[in-house]
Amino acid sequence: MIRLESITRSFLLGKESVHVLNGISLSIQSGEFAAIMGPSGSGKSTLMNIIGCLDKPTEGEYYLGGENVSHYNDKELARVRNQSIGFVFQQFHLLPRLSALKNVELPMIYAGVSKKERQARAEEALMKVGLADRMNHLPNALSGGQKQRVAIARAIVNQPKLILADEPTGALDSKTSMDIMEQFRELNAEGVTIIVVTHESEVAEYANRTILVRDGMIQSPAVLDRGPSI
Amino acid sequence: MSFSENLLMALSSLKAHKMRSILTMLGIIIGVAAVIIVVAIGQGGEAMLKTQITGSGNTIEMFYQPSDEEMKANPNIFQQAPFKQEDIRALEQIPEIKRVVASSTKLSSARFQKDTVDVSTTGINQAYIQLNELKVEKGRNFSTSDFLGGRRTGIVSSKFQEEFFKGENAVGKVIMVANQPIEVIGVLEKPTGLLSFGSMEVYLPFQTWRNIYGSSDFTQVTLQAASAEQLQVAGKKAAKLLNNRHNTEKSYQVINMEEIAQGIGQVTKIMTLIIGSIAGISLFVGGIGVMNIMLVSVTERTREIGIRMALGATRGQVLTQFLIESVTLTLIGGILGIFLGWGTATVVSFFAGWPSLVSWQVVLGGVLFSMVIGVVFGLLPANKASKLDPIESLRYE
Ligand SMILES: Nc1ncnc2c1ncn2[C@@H]1O[C@H](COP(=O)(O)OP(=O)(O)O)[C@@H](O)[C@H]1O
Ligand SMILES: [Mg+2]
């Protein structure tokens, strides 16, 4: 599903270039549930942004679903984000003036789905994450866990094969965190590939593979196999 | 993503900052309203001047301007009435001409009992009455038999009654005009208007006038056409006909409507240019205001833009979103401006006694122009929004 070959990413800070990712090679199979762990500042988010096609590698090749996307232009990358990837962020990133339902409809607007179908599919996605009774609430009227469920509904509504979650439980208490991870486990059981960045080992335990990142490199490429999920 | 989708999105984000949106629109509202007012009053004024010159009944006056040779050949030429009775009959044959209104005026004296006074006596043909030129207040107007029989009847001006009869009713009295008895059958209305003091006038049927003065020539001829469009043609044909009949080159003329229209056009053009540039400046300033607010809006909504991009919005879609938002802003401003301008023009013209015309072309122009302003001044902010980096935008607080 995902194959990274010697990915580097460096940023120009003034005249100096800062190397954040220093040659990352990595494969993630379709249907995997992977956790990315590592100290703060080690480059996890930068890596996730590249996997999520929000950013391009400085060097190296990135194959997503067999296609080399490292040289895609902005428009093609936008289509990939829209169709093939679902994002879940630590800060939820919901639009505050839109109801839960309208927030979930957003990715479908950019996919060109008709209004009627959009509403039906958004309702379905919200029901799936257990928010059937909160559809018309504004984000401010929802708890942290509920907001993150809306974000998950939004991530899955275009039925992507891959879901990327950068510290999805970072702003939640541990009980809610486990509920959210349970949600990801269910999605994974349906065949969706999931990659989660986290600091917490309880969260990482939901994954069937942990990838350790340190100083922009993968520390132990060995797969820590915990057997199949569920 | 459809246009209506974008429009609804734009409306909801403008609604989220109602006060700011209205204040931003203000420049556009005032600019468009100014344009509407100027054009409405200008076009109304032009229409009014045109009717004043052509008359409401599509009439045009003929005049006689002898050439130098004619004046040398006949030094008394100005004492002679330039239009013959046969001229009038010939003019009546021109198909575009509906009526030929002819009259002849002579200064004369009127006597009643012992008083004598100078009056201008005007013999009129029947078309003169049909054109509603004489407004009779007391008594009656001339009848067909007055004209055909050459009856010794006359209508006097209100000033005449006032001065000569000391305000007593003149109807029924018999006065001597050029030593011929004339029965007064009617008194005209007082002329309205600030500058018209009225004059001593007696109107007679032309037949009667001819019998008194022994002349069958007319001093004044006014043509009436069936429509305003035919007026110019009728005038040209009439002038040609009379010049042919009198063997003159261009002594018989009509006022050239095209030249006058051009003259008026020149005046309105200058006026439109001056006020148009004022409106232009206010629209430009309004446009800058829109650009400024849209730039603020883009900065404020950086995170929203990042989120939309993460969810798959292309740069083009982000650009379109903000462009439609600024066009919606200026379009609403433009529409409000049209209503404001319309209302103001109506009120102003009501009090100024000056008609105002708001044509659909002007309304359409106002709508399109405000949209163009939205596009022009929205382009920079929209472009800025579309060029944002998604990752940095998502991190923006
Ligand atoms: N756009 C950028 N410009 C410069 N430095 C950056 C940029 N983005 C990230 N970095 C740096 O790269 C390093 C890794 O960042 P990040 O991937 O966010 O780490 P993590 O998510 O593992 O905490 C940090 O030191 C950070 O300052
Ligand atoms: Mg991070």
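Calculation notes
- Per chain, the residues get numbers from 1 upward, laid out in the order the sequence is written.
- Chains and ligands are labelled by the order in which they are written, letters from A for the one and numbers from 1 for the other.
- Owing to the predicted nature of the model, reporting of local features is limited to residues with pLDDT of at least 70; listing and counting of side-chain atom pairs is limited to 80 or more, with chain, interface and lining totals taken over all residues.
- Note that the side-chain values use all heavy atoms of the structure and ignore hydrogens as well as water.
- The way it works is that DSSP assigns letters per residue, a run of H or I at least four long becomes a helix, a run of E at least two long becomes a strand, and they are numbered from the N terminus.
- Think of it in three bands: with a 1.4 Å probe and only protein chains considered, a residue is buried below 20% of the maximum accessible area for its type, exposed above 50%, and partly exposed in between.
- A contact between two residues is defined here by any heavy atoms of the two lying within 4.5 Å.
- For the area figures, the Shrake-Rupley method with a 1.4 Å probe applies, and any residue is considered shielded solely by the protein chains shown.
- For this count, His and the chain ends are skipped, Lys and Arg are scored as positive, and Asp and Glu as negative.
- To locate a charge, take NZ of a lysine, CZ of an arginine, CG of an aspartate or CD of a glutamate.
- One heavy atom suffices: a residue is near a molecule or strand as soon as one of its heavy atoms comes within 4 Å of it.
- Side-chain classes follow a simple rule in which Ala, Val, Leu, Ile, Met, Phe, Trp, Tyr, Cys and Pro form the nonpolar group, Asp, Glu, Lys and Arg form the charged group, and the remainder, Gly included, forms the polar group.
- In this analysis an axis means a line fitted to C-alpha atoms, helices contributing only their contacting stretch, and an angle means the value between N-to-C directions, from 0 to 180 degrees.
- Any angle from 65 to 115 degrees is called roughly perpendicular, while one under 35 is roughly parallel, one over 145 is roughly antiparallel, and all others are oblique.
- Take the far helix as the reference: if the near one is turned anticlockwise from it by less than a right angle, the crossing is left-handed, and if turned clockwise, right-handed.
- A pairing counts as a salt bridge when a side-chain nitrogen of Lys or Arg comes within 4 Å of a carboxyl oxygen of Asp or Glu.
- Confidence of the predictor in every single residue is expressed as pLDDT, which spans 0 to 100.
- The term buried area refers to how much accessible surface (probe radius 1.4 Å) is lost by two components on association, counted for both of them together.
- Two strands pair under a simple rule: DSSP has to find at least two bridges between them.
- Each residue after the first adds 1.5 Å to the expected span of a helix.
- When we speak of the arc, we mean the arc of directions from the helix axis to the C-beta atoms.
- As used in this record, nonpolar core signifies buried Ala, Val, Leu, Ile, Met, Phe, Trp, Tyr and Cys residues forming a set joined through side-chain atoms within 4.5 Å.

Caption draft 1: Representation of the overall build of chain A within the structure. Broken down by element type, chain A carries seven helices and 10 strands. Projected onto its principal axes, the C-alpha coordinates of chain A cover approximately 50 × 40 × 35 Å. For chain A, buried positions account for 53% of its 230 residues. Within chain A, counting contacts between residues at least 6 apart in sequence, those at least 24 apart form 70% of the total. As displayed, chain A has an accessible area near 10,300 Å², and 49% of this comes from carbon and sulfur atoms. Charged side chains in chain A number 25 positive and 26 negative. The centres of these two groups are separated by 7 Å.

Caption draft 2: The arrangement of the site of ligand 1 in detail. Ligand 1 sits among Phe11, Val20, Pro39, Ser40, Gly41, Ser42, Gly43, Lys44, Ser45 and Thr46 of chain A together with Arg395 of chain B. For ligand 1, whose free accessible area comes to 560 Å², the fraction covered by protein is 68%. Along the lines of polarity and charge, the residues of the shell around ligand 1 split into three nonpolar, six polar and two charged.

Caption draft 3: The packing of helix H4 (residues 85-92) of chain B against helix H9 (residues 228-245) of chain B, seen in detail. All names here are of chain B. Contact geometry for H4 and H9: axes closest at 10 Å, N-to-C directions at 140°. One way to sum up the angle between H4 and H9 is to call them oblique. As H4 packs across H9, the resulting crossing turns out to be right-handed. For the pair formed by H4 and H9, the contact residues are Glu86, Asp87, Ala90 and Leu91 on the first element and Ala238, Leu241, Leu242 and Arg245 on the second.

Caption draft 4: Representation of the pattern of salt bridges. Summed over the entire model, instances satisfying the criterion amount to 23 salt bridges over all chains. Between Asp55 of chain A and Arg9 of chain A there is a salt bridge whose closest N-O contact spans 2.9 Å. A residue pair is termed long-range when its members are at least 10 positions apart, and Asp55 of chain A in the loop between helix H1 (44-51) and strand S4 (59-64) and Arg9 of chain A in strand S1 (residues 2-13) qualify at 46 residues. Comparing Asp55 of chain A with Arg9 of chain A shows no difference in burial state: the two are buried. Residue Glu300 of chain B pairs with Arg20 of chain B through a salt bridge whose shortest N-O separation is 2.7 Å. Placement of the pair is Glu300 of chain B in helix H10 (residues 257-300) and Arg20 of chain B in helix H2 (residues 18-54), with a sequence separation of 280 residues. One salt-bridge network, held together by shared partners, links Arg301, Glu304, Arg308 and Glu325 of chain B.

Caption draft 5: Local environment of the confidence of the model for chain A. A residue-level look at chain A finds 95% of positions with pLDDT of 70 or above and a mean pLDDT of 92. Per-element confidence in chain A ranges from a low mean pLDDT of 92 for helix H7 (residues 201-204) of chain A to a high of 97 for strand S8 (residues 193-197) of chain A.

Caption draft 6: Main features of the interface of chain A and chain B. On the side of chain B, 23 residues touch chain A, which itself brings 22 residues to the contact. Between chain A and chain B, the buried area comes to about 2,100 Å², and carbon and sulfur atoms account for 60% of it. Ranking the residues of chain A by area buried against chain B places His93, Arg97 and Tyr110 of chain A at the top, with a combined share of 33%. At the boundary of chain A with chain B, the tally comes to two salt bridges. The residue Arg315 of chain B makes a salt bridge to Asp74 of chain A at a minimum N-O spacing of 2.7 Å.

Caption draft 7: Here's a closer look at the sheet that holds strand S10 (residues 217-218) of chain A. Residue and element names in this part refer to chain A. Across the sheet, six strands lie side by side as S6-S7-S8-S3-S9-S10; this open sheet has mixed pairing. Because the sheet does not close on itself, it has two edges, and the strands there are strand S6 (85-89) and S10. The sheet strands contacting H1 are strand S3 (33-37), S6, strand S7 (162-166), S8 and strand S9 (209-214), and the helix crosses S7 at an angle near 155°.

Caption draft 8: Structural detail: H9 of chain B. All names here are of chain B. The end-to-end C-alpha distance of H9 is 26 Å, a good match for the 26 Å that 18 residues give at a rise of 1.5 Å each. Taken as a whole, H9 has its buried residues at Leu231, Gln232, Ala234, Gly235, Ala238, Ala239, Leu242 and Asn243. Projected onto a plane normal to the axis of H9, the buried residues spread over an arc of 165° and lie on a single side. Opposite the packed face of H9, turned more than 90 degrees from it, sit the exposed residues Glu229, Lys240 and Asn244. Just downstream of H9, Asn247 is the residue with a positive phi angle, here 60°.

Caption draft 9: Examining the environment of Leu77 of chain A more closely. All names here are of chain A. Mapped onto the elements, Leu77 comes out in helix H2 (residues 74-84). Look at Leu77 and you get buried, because its relative accessible area is 5%. In this structure, Leu77 is in contact with Cys53, Lys56, Val69 and Tyr72, ignoring residues within four places of it in sequence.

Caption draft 10: Region of interest: the nonpolar core. Counting residues in hydrophobic clusters, the biggest one holds 67 residues, and the most contacted among them are Ile2, Leu4, Ile51, Tyr62, Leu64 and Ile195 of chain A. Per-element accounting of this core gives the leading share, six residues, to H2 of chain B. Those residues within four positions of Tyr62 of chain A in sequence are excluded, and the remaining contacts are Ile2, Arg3, Leu4, Ile7, Ile50, Ile51, Cys53, Glu67, Asn68, Val69 and Ser70 of chain A. In this structure, Ala170, Val184, Ile212 and Phe218 of chain B belong to the second largest nonpolar core, which totals 41 residues.

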